[in-house]
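Listed below are the residues making up each chain.
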Amino acid sequence: MRVFDFTHAIVREPSRSVVNGLREDASATPDFEKIAAEHRAYVSVLGDLGLAVDVLPALEGFPDSVFVEDPAFVLPEGAILLRPGAPSRVGEREEMRDVLKRHFGQVLELGENEYADGGDILVTPQTIFIGLSQRTTRAGAEAFCDKLKALGREARIAQTPAGTLHFKTASSLLDETTILCTAAMAQSGVFEGFRLIVTPAGEEAAANALRINDTILLGDRFPRTAELIRALGLSVKTLAVTEIAKLDAGLSCMSLRW
Ligand code: CIR
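Let me begin by describing the structure that accompanies this report. (Residues numbered from 1 in each chain as written. Predicted model: local features only at pLDDT ≥ 70, side-chain atom pairs only at ≥ 80, totals over all residues. Heavy atoms only, no water.)

Under the criterion given, the structure shown has seven aromatic pairs. Measuring from centroid to centroid gives 5.2 Å for Phe129 and Phe191, while their planes differ by 85°, and the two rings are edge-to-face. Residue Phe129 is located in strand β7 (residues 128–132), and its partner Phe191 is located in the loop between α4 (183–187) and β11 (195–198); the two are separated by 62 residues in the primary sequence. Phe191 carries the same exposure label as Phe129, and that label is buried. Here Phe129 and Phe194 contribute two aromatic rings whose centre-to-centre distance is 6.2 Å and whose plane-to-plane angle is 55°, an arrangement assigned as tilted. In this pair, Phe129 sits in strand β7 while Phe194 sits in the loop between α4 and β11, placing the two residues 65 residues apart along the sequence. Assessed through its relative accessible area of 0%, Phe129 is described here as buried. Here a set of aromatic residues connected by ring pairs shows up, and it is made of Phe129, Phe167, Phe191 and Phe194. Directly above the aromatic system of Phe4 lies the positively charged group of Arg211, at a separation of 3.8 Å from the ring centroid. (Phe/Tyr/Trp six-rings, centres within 6.5 Å; stacked < 30°, edge-to-face > 60°. Helix = DSSP H or I, 4+ residues; strand = E, 2+ residues; numbered from the N terminus. Buried < 20%, exposed > 50% of the residue type's maximum accessible area, 1.4 Å probe, protein only. Lys NZ or Arg CZ within 6 Å of the ring centre and 35° of its normal.)

Note that Arg135 resides in the loop between β7 and α3 (138–150). One polar contact links Arg135 to Asp117, side chain to side chain, over a distance of 3.3 Å. What Arg135 contacts, discounting residues up to four positions off in sequence, is Leu22, Gly85, Ala86, Arg89, Tyr115, Ala116, Asp117, Asp120, Leu165 and His166. (Polar contact = N/O pair within 3.5 Å; in protein donor to acceptor, adjacent residues only side chain to side chain. Contact = heavy atoms within 4.5 Å.)

Take the nonpolar core next. Core analysis: the largest hydrophobic core is formed by 39 residues, its most contacted members being Tyr42, Phe67, Phe129, Phe167, Phe191 and Leu217. Sorting the residues of this core by element identifies β1 (8–12), α1 (32–48), β10 (178–181) and β12 (210–212) as the ones contributing at least two each. Of all hydrophobic cores here, the second largest spans 18 residues; its members include Leu75, Ile80, Leu108 and Ala116. (Core = buried A, V, L, I, M, F, W, Y, C linked by side-chain atoms within 4.5 Å.)

In structure tokens, the structure reads:
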């Protein structure tokens with residue numbers, strides 16, 4: 001099953017308040033114009049790859065709302081409105097309700113006290129992983145598995161490595177059987193049965209790559225990772241994510257794809 005063949009995406013323009021977004025390293029000060037430029041380039045590449053992109057307007061009240069991957073999860077079969085685990089982000093879910101209803105016949109949702117971020121969900125042909133993290137609680141992960149079952153799909157609860165924001169901060173799918181991940185993720189054993197490509201030391205942030213159709217989108221500061229992926233015969237397109245990275249974000253977080 002090819003789970004990276006997409007025809008549609010939802011993105012949201014960054015708000016000026018994005019510079020106040022959540023981040024581990026408070027000394028990293030992102031610049032709005034640079035974030036907006038990186039976002040424009042990203043949206044343009046999605047279009048070049050053949051996706052119809054629904055661009056939502058910026059939300060000044062939600063600094064992290066450009067990261068649309070976190071409040072919702074989508075599959076061709078339907079969508080699930082999640083409940084982001086960061087208090088400043090939980091309201092983003094309501095802002096996604098209408099757009100999900102526009103695009104999907106079935107929109108399910110997590111209940112009260114069921115917290116899960118889309119950044120913790122990795123779709124593979126074999127299973128859908130949901131990683132417990134500081135944002136995704138066990139109650140949220142279990143509720144997600146139930147909703148997914150209602151959509152006819154199976155999920156497996158895993159653990160996001162300590163100190164890693166999201167499960168997908170440290171892993172992404174390169175092809176049907178190959179995962180790009182950090183050494184910490186590889187050592188956890190969670191991806192038993194997959195071929196693993198481990199990010200070289202110093203290039204851990206490359207692990208949040210994004211496969212769209214036949215192209216792997218990768219941050220442009222990771223030449224050794226790019227080489228490893230190209231050696232598999234896969235096509236790599238690099239994108240600047242330097243400014244976005246100051247907000248602990250990468251390539252998958254800026255879109256929902258189906
Ligand atoms: C946050 O901490 O929620 C944002 N600054 C970054 C979210 C990144 N999301 C993702 O990778 N799915």
